[in-house]
Amino acid sequence: MAHGTSRGPVVSVLMAVHDAEGSVRRAVESVQNQSLRELELIVIDAGSQDSTVRILEAIAERDLRVEVVRADACSRQEALDVALERAGGRYLTVMDADTIARPGMLADLVGLAEERSLELAVGGLELCLIGIGGRATELELASDATVFPTQHDLRTSAWHFFSSGQLLPVVGKLFRLDRVRELDLRFSSGGPLAHRFVIDYLAEAERAGILGGICCRTERLAASVDRRLGQAEGYRLLEREHAALLGLYRHWGLEGDVASMEMLQSRYMERLVACVEGVCASGLPAVEQRRAVEAMIGTDQARLAASVARPASSAARSMLVPVRGGNVRLVCAQARLLALLGRGRAAWAMPDAYV
């Protein structure tokens, strides 16, 4: 029997998939098995070549709440935009094909949002990164339950949740669909910058809350992100994300807030060191490595970050003096050593780069 609802969906769950035959069934079933039944799941297939579409269409035949749309090959953000156009719930959330939702995730997020009249409800995320040889790194992007009753409370406290990695990923969050459309937000507005949707939503959000504990789990191969950090694309994304966050804090009028600015510069430094490590472990000729690293650490932004940041990781702290002094050879030597000794360290320092 197909399962439908007479009142329409409370939550629209958006999912973009591509060649996900190994994980998509579990992800979809975790949505179907939610204790909150009034939902719709809109899955956009971005040109899969494996059996992903066949699996999804078989599920959709048995559950009217599941809609599958075949699209041409496109980015995750572009596929989510297609899903967003079809959404009809009061709220929306995003799931990935490698994410498993806890059975009460949607009910708990909606309950928090309804009880406290929130525009944004944030759940905790358990992240399992699969590295070389199948070694797993387990991380929790979560915190205690907190509600920000005013816009000022949200803005002045946001630095803590940016720092922990919980605030930027689009997964594990509940957004009000009417606010998304009122603000004319698109997932693809930031290009490859995956977190721009959340940044743009936060810019005008007035009331938000954190749901204590974990609401979903993502199991993801770390190699693709680690490899990207060693390429020019990773550094460009770092610069764009940092500029977007600085713009957010300027919009909030908090560019002089010490805790917020320290968080932003520390965050930048952690990611800069990860990019430098990636370049120095990339196999490029030494001359090209030094040229790329010189461009990364020779900016005013890099010198500023090295001067004021207080990064959490010892790896980033060890780079403060050589980056501040512009010592390219020492930075490269230190980065090669860190790359040998610190496999998996980047995930702990910057977990939201992986979701």
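Above this note sits the structure.
Here goes a summary of the coordinates provided. Everything numeric in this text was worked out from a predicted model, so none of it was measured.

Counting secondary structure elements, the chain contains 16 helices and 10 strands. Relative to its length of 355 residues, the chain is compact, with a C-alpha radius of gyration of 21 Å against a globular reference of 20 Å. Dimensions of the chain, computed from C-alpha atoms along their principal axes, come out at roughly 65 × 45 × 30 Å. Buried positions account for 53% of the 355 residues belonging to the chain. At a minimum sequence separation of 6, the contacts of the chain that also span at least 24 residues come to 80%. For the chain, the exposed surface amounts to about 15400 Å²; the carbon and sulfur share of it is 50%. Distance between charge centroids for the chain: 5 Å, based on 41 positive and 46 negative side chains.

So, on to the nonpolar core. One finds Val11, Leu14, Met15, Val24, Phe162, Phe175 and Tyr249 to be the most contacted residues of the largest nonpolar core, which totals 92 residues. Ignoring anything within four residues of it in the chain, the contact list for Met15 reads Val24, Ala27, Val28, Leu41, Ile42, Val43, Ile44, Leu80, Met95, Asp96 and Ala97. Grouped together as the second largest cluster of nonpolar side chains are 27 residues, Val293, Met296, Ala306 and Ala316 included.

What follows deals with the pairing of strand E1 (residues 11–17). By the criterion of burial, E1 is predominantly enclosed, with 7 of the 7 residues buried. With burial as the criterion, each face of E1 is covered, one bearing Val11, Val13, Met15 and Val17 and the other bearing Ser12, Leu14 and Ala16. Where E1 meets strand E2 (residues 39–46), 7 bridges bridge the pair, whose relative direction is parallel. The residue of E2 that forms the bridge with Val17 is Asp45. Handedness of the crossover joining E1 and E2 through helix H1 (residues 24–32): right-handed. The pairing of E1 with strand E4 (residues 91–96) spans 6 bridges and is parallel. Paired with Met15 across the bridge in E4 is Met95.

Bringing helix H10 (residues 258–280) into the picture now. Helix length check: H10, at 23 residues, gives a terminal C-alpha distance of 33 Å against a target of 33 Å (1.5 Å per residue), a fit within 8%. With respect to burial, H10 is a largely interior element, 20 of its 23 residues being buried.

Let us now look at the side chain of Gln166. Mapped onto the fold, Gln166 is located in the loop between helix H5 (151–164) and strand E9 (173–176). Overall, Gln166 belongs to the buried group, its relative accessible area being 3%. Among the polar contacts listed, one links the side chain of Gln166 to the backbone oxygen of Gly123, at a separation of 3.3 Å. If we skip the residues at most four places from it in the chain, Gln166 touches Val122, Gly123, Gly124, Leu141, Ala142, Ser143, Phe161, Lys173 and Ile210.

Another point: the packing of helix H11 (residues 286–297) against helix H15 (residues 328–341). The contact between H11 and H15 brings their axes to 9 Å, and the two run at 105°. The pairing of H11 with H15 is recorded here as roughly perpendicular in orientation. Within the contact between the two elements, H11 uses Gln289, Arg290, Val293, Glu294 and Ile297 and H15 uses Val328, Arg329, Val331, Cys332 and Arg336.

With the exception of glycine, the majority of residues adopt a negative phi angle, and the majority of peptide bonds are in the trans configuration. Although it is not a glycine, Asp19 sits at a positive phi angle of roughly 45°. Turning to its location among the elements, Asp19 is positioned in the loop between E1 and H1. Here Ser117, not a glycine, exhibits a phi torsion of approximately 55°, which is positive. Inspection of the secondary structure assignment puts Ser117 in the loop between helix H4 (105–116) and strand E6 (120–130). With relative accessibility at 45%, the residue Ser117 sits in the partly exposed group.

Before going further, it helps to spend a moment on the pattern of salt bridges. Between side chains of opposite charge, a pair can form as their charged atoms come close. With the rule as written, the count across this model stands at 22 salt bridges. For the salt bridge of Arg90 with Glu114, the shortest nitrogen-to-oxygen distance reads 3.6 Å. You can see Arg90 sitting in the loop between helix H3 (76–86) and E4 and its partner Glu114 sitting in helix H4, a full 24 residues away along the chain. On the basis of relative accessibility, which here comes to 41%, the residue Glu114 falls in the partly exposed class. A network of salt bridges, in which partner residues are shared, links Arg102, Glu126, Glu138, Arg217 and Glu219.

Reading the values: the criteria
- Residues numbered from 1 in each chain as written.
- Predicted model: local features only at pLDDT ≥ 70, side-chain atom pairs only at ≥ 80, totals over all residues.
- Heavy atoms only, no water.
- Helix = DSSP H or I, 4+ residues; strand = E, 2+ residues; numbered from the N terminus.
- Rg over C-alpha atoms; globule rule 2.2 N^0.38 Å.
- Buried < 20%, exposed > 50% of the residue type's maximum accessible area, 1.4 Å probe, protein only.
- Contact = heavy atoms within 4.5 Å.
- Areas by Shrake-Rupley, 256 points an atom, 1.4 Å probe, with all protein chains shown as cover.
- Lys, Arg positive; Asp, Glu negative; His and termini not counted.
- Charge placed at Lys NZ, Arg CZ, Asp CG, Glu CD.
- Core = buried A, V, L, I, M, F, W, Y, C linked by side-chain atoms within 4.5 Å.
- Pairing = 2+ DSSP bridges.
- Right-handed = clockwise from strand over helix to strand, strands pointing away.
- Expected span 1.5 Å × (residues − 1).
- Polar contact = N/O pair within 3.5 Å; in protein donor to acceptor, adjacent residues only side chain to side chain.
- Axes fitted to C-alpha atoms, helices over the stretch in contact; angles between N-to-C directions.
- Parallel < 35°, antiparallel > 145°, perpendicular 65-115°, else oblique.
- Salt bridge = Lys/Arg side-chain N within 4 Å of Asp/Glu carboxyl O.

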